[in-house]
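# Results of the structural survey
Below, each chain spelled out in residue letters.
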Amino acid sequence: MTYKTSIASFTKDQTSIIKGIAILMIIFHNFFHWIEPVDSMENEFFFKTDHVKVFLQSFADSPWEFINILFSYLGHYGVEIFIFISGYGLAKSFLSKEKSWGRFMIDRLKKLYPLLLIGLVVFILFKITMTYAIPTAAEWRSILYKLLFINLFIPGETMVLCGPWWFFGLIIQLYIFFPLLYKLISKYGFKAFALISITSYLFVYYALNNWHLTGGLTVMQHCVAHFPEFCLGIYLGKKENITANIWVFLIALTVFILGNFYEAFFPITFLSVTYVLLFIFVKVISWNPKPNMIRRIIVYFGNISMMLFVIHGMFRWQFVCLAKHYNNPGITIIFALLYILEVFFLSLSAKVVYDWIQQLLKKTKPEE
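Residues numbered from 1 in each chain as written. Predicted model: local features only at pLDDT ≥ 70, side-chain atom pairs only at ≥ 80, totals over all residues. Heavy atoms only, no water.

The next point concerns the overall build of the protein. When you go through the protein residue by residue, the secondary structure sums to 15 helices and two strands. For the protein, whose C-alpha radius of gyration is 20 Å, the value lies close to the compact-globule estimate of 21 Å for 368 residues. Along the first, second and third principal axes, the C-alpha set of the protein runs to 60 × 55 × 50 Å. Counting only residues that meet the buried cut, the protein has 50% of its 368 residues in that class. Expressed as a percentage of contacts within the protein between residues at least 6 apart in sequence, the contacts between residues at least 24 apart total 78%. Surface exposure of the protein reaches about 18,200 Å², of which carbon and sulfur atoms provide 69%. Across the protein, the centroid of the 30 positively charged side chains sits 11 Å from that of the 20 negatively charged ones. (Helix = DSSP H or I, 4+ residues; strand = E, 2+ residues; numbered from the N terminus. Rg over C-alpha atoms; globule rule 2.2 N^0.38 Å. Buried < 20%, exposed > 50% of the residue type's maximum accessible area, 1.4 Å probe, protein only. Contact = heavy atoms within 4.5 Å. Areas by Shrake-Rupley, 256 points an atom, 1.4 Å probe, with all protein chains shown as cover. Lys, Arg positive; Asp, Glu negative; His and termini not counted. Charge placed at Lys NZ, Arg CZ, Asp CG, Glu CD.)

What follows is the structure, given as structure tokens:
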């Protein structure tokens, strides 16, 4: 029996598959977790033991709802995959051409800001179309907070306008720290990854036990809570091969399970589930499955994953309401697929605009 499986660095298609799986997990989670039997009961930003009890009881009471239940409770971990693959991709980019902190942030903002602006324009058009009214003063204020990437620090503002957009505040924080994290891991390797992770967890445990935040604020939405997954991506991005170890997988799986029952393990579940999913993916790659239609679809979803991310949150509610009205597992799946289809075509249109903006930015890029 082999305890380790090694593969070469992820190819472009393999990276797209990871992104495609991640975005599908997130989209289905953001649809299903509003629909019974598991209604917004995931352990994502806050921990409650009752959540896993509802999750397990739902399988016993409604086994035919297993797709709904799985995505409702587990789908949000697609965010961790994005965080990991972001660190991985940035590390690979820096290996070929390292940049100053300023140049790096400018390049990141050139990619991130057009994405956010497209989302905000769609939000305003959606608001006018659905309510025949322009955004309120409070909504314009929230738009400003999003543009400044400070909504995660303001009570009541973390999830407004479009819930999934809280991630913009997180990713910009990770970008700010990336050059420093990259240098530390480049110099000290695994020791730096381990020390950063331990320090992050000490801070998170202290914050969870001593900071009584209100208005939806939580340390679990900030970069310090997700440095371990991000740094794992950086660490592996600097290596020539990626190795999946069965013993580390079993430990990670155990920690993940414990983290759903005991709050003491909760902050570590995000890193542990990242390794569990990474191990599974490496194993699947090592089997060398032949390309098929499903794989090509997932690759395409991965290629437009950020457009899907910025668009999908605003267009779920009509399908959620219809699913709740009919309250039938089969019909709910149909509405979920129709929802994905609508978001897919809207994202293709948005991508045309995004690509056009990127071309304009390239033409105006100053010579280095």
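This brings us to a nonpolar patch on the surface. Taken together, the side chains of Trp101, Ile176, Phe177, Leu180, Leu184 and Tyr188 make up a nonpolar region of the molecular surface, amounting to roughly 570 Å² of accessible area. Looking at the nonpolar patch, the element that brings in the most residues is helix α7 (residues 166-188), giving five residues. Relative to the helices and strands, Ile176 resides in helix α7. You can call Ile176 partly exposed: its relative accessible area is 38%. (Patch = residues over 30% accessible without salt bridge, like charges linked within 9 Å, V, L, I, M, F, W, Y side chains within 5 Å. Salt bridge = Lys/Arg side-chain N within 4 Å of Asp/Glu carboxyl O.)

Looking now at the pattern of salt bridges. Applying the stated rule across the entire model yields four salt bridges. For the salt bridge of Lys127 with Glu139, the shortest nitrogen-to-oxygen distance reads 3.2 Å. Note that Lys127 is positioned in helix α5 (residues 101-131) and Glu139 in helix α6 (residues 137-147), a separation of twelve residues in sequence. Taken together, the salt bridges that share partners define one network made up of Lys99, Arg103 and Asp107.

Time to look at the nonpolar core. The biggest cluster of nonpolar side chains holds 110 residues, and the ones touching the most others in it are Phe10, Phe31, Trp165 and Phe168. Take this core: its biggest share by element is twelve residues, from α7. The contacts of Trp165, once residues within four sequence positions are left out, are Gly119, Leu120, Phe123, Lys146, Phe309, Val310 and Met314. In terms of nonpolar packing, the next biggest core, distinct from the first, is built from five residues, Val38, Val52, Phe55 and Tyr73 among them. (Core = buried A, V, L, I, M, F, W, Y, C linked by side-chain atoms within 4.5 Å.)

Our next topic: the packing of aromatic side chains. Taken as a whole and assessed by the stated rule, the structure comprises 41 aromatic pairs. Ring plane angle 15° and centroid distance 6.1 Å describe the contact between Phe193 and Tyr235, whose orientation is recorded as stacked. One end of the pair, Phe193, is in helix α8 (residues 190-210); the other, Tyr235, is in helix α9 (residues 227-237), with 42 residues separating them in the sequence. For the pair formed by Phe193 and Tyr235, the shared burial category is buried. One aromatic cluster is present, built from ring pairs that chain together Phe28, Phe31, Phe32, Phe71, Phe319 and Tyr339. (Phe/Tyr/Trp six-rings, centres within 6.5 Å; stacked < 30°, edge-to-face > 60°.)

It is worth spelling out the environment of Ile83 at this point. Structurally, Ile83 is set in helix α4 (residues 78-96). Residue class for Ile83 comes out buried when judged on its relative accessible area of 0%. In the structure, Ile83 is positioned 143 residues away from His226 in sequence and 7.7 Å away in space, judged by C-alpha atoms. For Ile83, the contacting residues outside a window of four places in its chain are Phe167, Leu170, Leu174, His226, Glu229 and Phe230.

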